[in-house]
Amino acid sequence: MQRYSKFDLVIIGGGAAAFSAALKAETFNIKTAMVERGIVGGTCVNVGCVPSKNLLGAGEALYRLGNPSYSSISPCYEYGFDFSKTIRQKDSLVKYLRKQRYYDVLSSLESVKLIEGNASFLSPTRIKVENKNNNHKVVEAKKFIVATGSSSYVPPIKGIGDTDYLTNIEALSLDKKPSSMIVTGGRALGLEFAQMYSRFGTKVTLLQRSNRIIPEHEPEVSSALTQYLSEEGIDIITNVKIKEIYQKNDTKFVRISGNNGNINTKTLEAEELLLATGRKPNTKNLHPENAGVRIRQNDDAIIVNTEMLSSAPHIWAGGDVVGEPMLETVAAKEGATAAENALTGSHKKIDFLSIPSGIFTSPQVASVGLTEKQAMERYGVCDCRILDMNGVPKALIVNKTKGLIKMVVNPNKNNRIVGVHILSDMAADIIQEGVVAVRYGLTVDDIIDIVHVFPTMTEAMKLVAIAFKQDISKLTCCAE
Ligand SMILES: Cc1cc2nc3c(=O)[nH]c(=O)nc-3n(C[C@H](O)[C@H](O)[C@H](O)COP(=O)(O)OP(=O)(O)OC[C@H]3O[C@@H](n4cnc5c(N)ncnc54)[C@H](O)[C@@H]3O)c2cc1C
């Protein structure tokens with residue numbers, strides 16, 4: 001069956017970027033369609049941030065039972081943990097948030113209509129939308145916003161086609177807790193899943209191709225996190241080349257060697273193998289070429305300019321489909337920016353330098369702006385201070401002293417803050433002050449001049465700023 005409909009704006013996708021765009025379109029009362037082929041809400045609420053942070057929280061609660069942060073409290077060795085029930089409570093949360101934050105929001109939008117099915121471009125102004133029953137209709141629009149997100153990247157490893165591996169989707173919904181798991185990938189997703197399962201009681205081995213985990217982050221952060229995760233019992237192997245994977249009955253085998261002769265070829269085995277080797281923009285089968293939308297050769301991301309406009313003059317794109325940084329709030333910002341530019345011609349741009357990122361391990365990693373290396377490359381000069389978290393009164397007071405904060409400044413610009421990198425409890429919250437500093441060009445003196453609440457973890461920001469001026473070990477708790 002073929003039907004035909006016309007809209008002012010068609011948004012392809014139903015995740016964070018698409019919803020932001022739809023909310024913006026509603027304010028202009030534009031006749032809009034949202035086309036979604038899967039479950040409304042997209043990655044974050046269904047198979048991303050929400051379920052993973054919920055399960056990480058469960059892992060943290062379990063871990064604290066056996067590892068209380070006060071020596072006066074005895075560890076609890078006998079406690080109940082029902083893995084299936086944990087997964088089910090996560091499912092309820094996801095269901096609740098999906099309804100409340102996505103379906104209900106969508107139904108409240110009077111000018112936005114949901115069309116279910118897979119969209120692909122037929123021409124610059126028409127898409128084909130095919131539903132699960134293979135019925136399709138043609139939808140025409142003056143303007144489009146592509147917000148199709150990303151999927152797990154599956155690397156071309158020998159044997160991968162014959163091995164049952166997990167991606168984030170399956171790893172968030174297993175029926176039973178695996179006794180052992182090999183995680184490939186030492187960035188945000190790999191690390192979060194590694195710690196989550198390790199704390200559930202799974203023996204986890206993490207393989208990382210480069211010489212350290214989170215290679216884009218500051219080396220001090222990377223090495224301290226490696227130490228903490230290793231102390232918790234996660235085997236982290238870096239500089240790994242995966243030669244082959246295979247499966248016998250339910251056991252998965254990974255044959256590895258070293259990238260630089262550091263490891264003799266050996267075979268690891270585990271009950272489950274999780275691929276966390278990156279994400280790939282969803283442009284396959286979208287046929288962007290039929291609409292004049294160009295994609296990048298190396299990662300299939302839609303190429304956009306700073307206003308989120310693609311190579312076609314009436315098609316914008318946002319979210320994971322335009323590549324890194326692939327983050328929920330970035331997707332939302334890009335979707336809203338794309339819609340505003342599409343509907344008002346306002347040429348709005350996003351300041352990518354001040355976009356923060358977080359990794360929700362414990363301790364957390366959070367970062368904004370330039371690393372020391374990037375600052376050196378950009379300015380030819382930089383200055384940095386590192387403060388261990390045991391120099392922060394609140395961290396000492398509540399026995400959460402793991403980690404550090406590093407501040408990067410441009411000494412040629414009055415010590416303007418260009419980067420903040422944190423490994424600590426609540427790092428993803430503390431970083432917001434760094435975001436404001438980088439976004440509005442604040443200097444070390446500006447941060448020192450701000451009165452912080454005592455005792456809080458955010459005092460780490462002020463103390464590391466003071467460290468540019470004086471020896472902070474010679475200060476009282478909250479003197480300047
Ligand atoms: C395990 C995990 C944990 C994460 N944790 C965090 C976190 O803690 N913090 C954070 O900031 N980010 C996190 N992220 C990243 C975050 O989830 C994504 O950046 C964000 O969801 C991207 O939003 P989006 O709108 O671009 O894409 P999506 O939310 O993926 O939405 C795209 C939608 O488009 C649909 N679609 C695709 N192709 C078509 C088509 N041809 N036709 C119709 N519909 C189509 C898909 O079905 C999907 O629903 C995590 C990701 C994962 C996988």
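Residues numbered from 1 in each chain as written. Predicted model: local features only at pLDDT ≥ 70, side-chain atom pairs only at ≥ 80, totals over all residues. Heavy atoms only, no water.

1. Here we look at the overall build of the protein
Within the protein one finds 13 helices and 21 strands. Here the C-alpha atoms of the protein give a radius of gyration of 24 Å, agreeing with the 23 Å that 2.2 N^0.38 yields for 480 residues. By principal-axis analysis of the C-alpha atoms, the protein measures approximately 75 × 60 × 45 Å. When burial is assessed residue by residue, the protein has 50% of its 480 residues classed as buried. (Helix = DSSP H or I, 4+ residues; strand = E, 2+ residues; numbered from the N terminus. Rg over C-alpha atoms; globule rule 2.2 N^0.38 Å. Buried < 20%, exposed > 50% of the residue type's maximum accessible area, 1.4 Å probe, protein only.)

2. Let's talk about the packing of helix α3 (residues 49-66) against helix α6 (residues 188-200)
As a packed pair, α3 and α6 sit with axes 8 Å apart at the nearest point and diverge in direction by 40 degrees. The orientation of α3 relative to α6 falls into the category oblique. For the pair α3 and α6, the sense of crossing is left-handed. Along the contact surface, α3 presents S52, K53, L55, L56, A58, G59, E60, L62 and Y63, while α6 presents E192, M196, R199 and F200. (Axes fitted to C-alpha atoms, helices over the stretch in contact; angles between N-to-C directions. Parallel < 35°, antiparallel > 145°, perpendicular 65-115°, else oblique. Left-handed = near helix turned anticlockwise from the far one by under 90°. Contact = heavy atoms within 4.5 Å.)

3. Focus on helix α13 (residues 459-466)
With eight of eight residues buried, α13 is to be regarded as a mostly interior element. Residues of α13 that are buried: E459, A460, M461, K462, L463, V464, A465 and I466. Tucked inside the fold, the buried residues of α13 contact β19 (383-388), α10 (393-397), β20 (404-410), β21 (416-424), α11 (427-439) and α12 (444-449).

4. Focus on the packing of helix α1 (residues 16-27) against helix α4 (residues 83-108)
α4 packs onto α1 with a crossing angle of 25 degrees between their chain directions and a minimal axis gap of 11 Å. In terms of axis orientation, α1 runs roughly parallel to α4. In this structure, α1 meets α4 at a crossing whose hand is left-handed. Residues F19, L23 and E26 of α1 form the contact with α4, whose own contacting residues are Y102, V105, L106 and S108. Tallied by class, the residues present in the contact of α1 with α4 amount to five nonpolar, one polar and one charged. (Nonpolar A, V, L, I, M, F, W, Y, C, P; charged D, E, K, R; others polar.)

5. Re the pattern of salt bridges
Pairs may arise between side chains of opposite charge once their charged atoms sit close together. Considering all chains together, one arrives at 28 salt bridges under this definition. A salt bridge links E216 to R187; its shortest N-O distance comes to 2.8 Å. Of this pair, E216 sits in the loop between β9 (203-207) and α7 (219-231) while R187 sits in the loop between β8 (180-184) and α6, placing them 29 residues apart in sequence. Using a relative accessible area of 48% as the deciding quantity, one classes E216 as partly exposed. Taking relative accessible area as the criterion, R187 reaches 38% and is therefore assigned partly exposed. Residue E232 pairs with R199 through a salt bridge whose shortest N-O separation is 2.8 Å. Here R199 lies in helix α6 and E232 lies in the loop between α7 and β10 (235-237), a separation of 33 residues in the sequence. Exposure class is identical for E232 and R199. Each is buried. A cluster of three or more residues bridged by salt bridges with shared partners is formed by E60, R64, R199 and E232. (Salt bridge = Lys/Arg side-chain N within 4 Å of Asp/Glu carboxyl O.)

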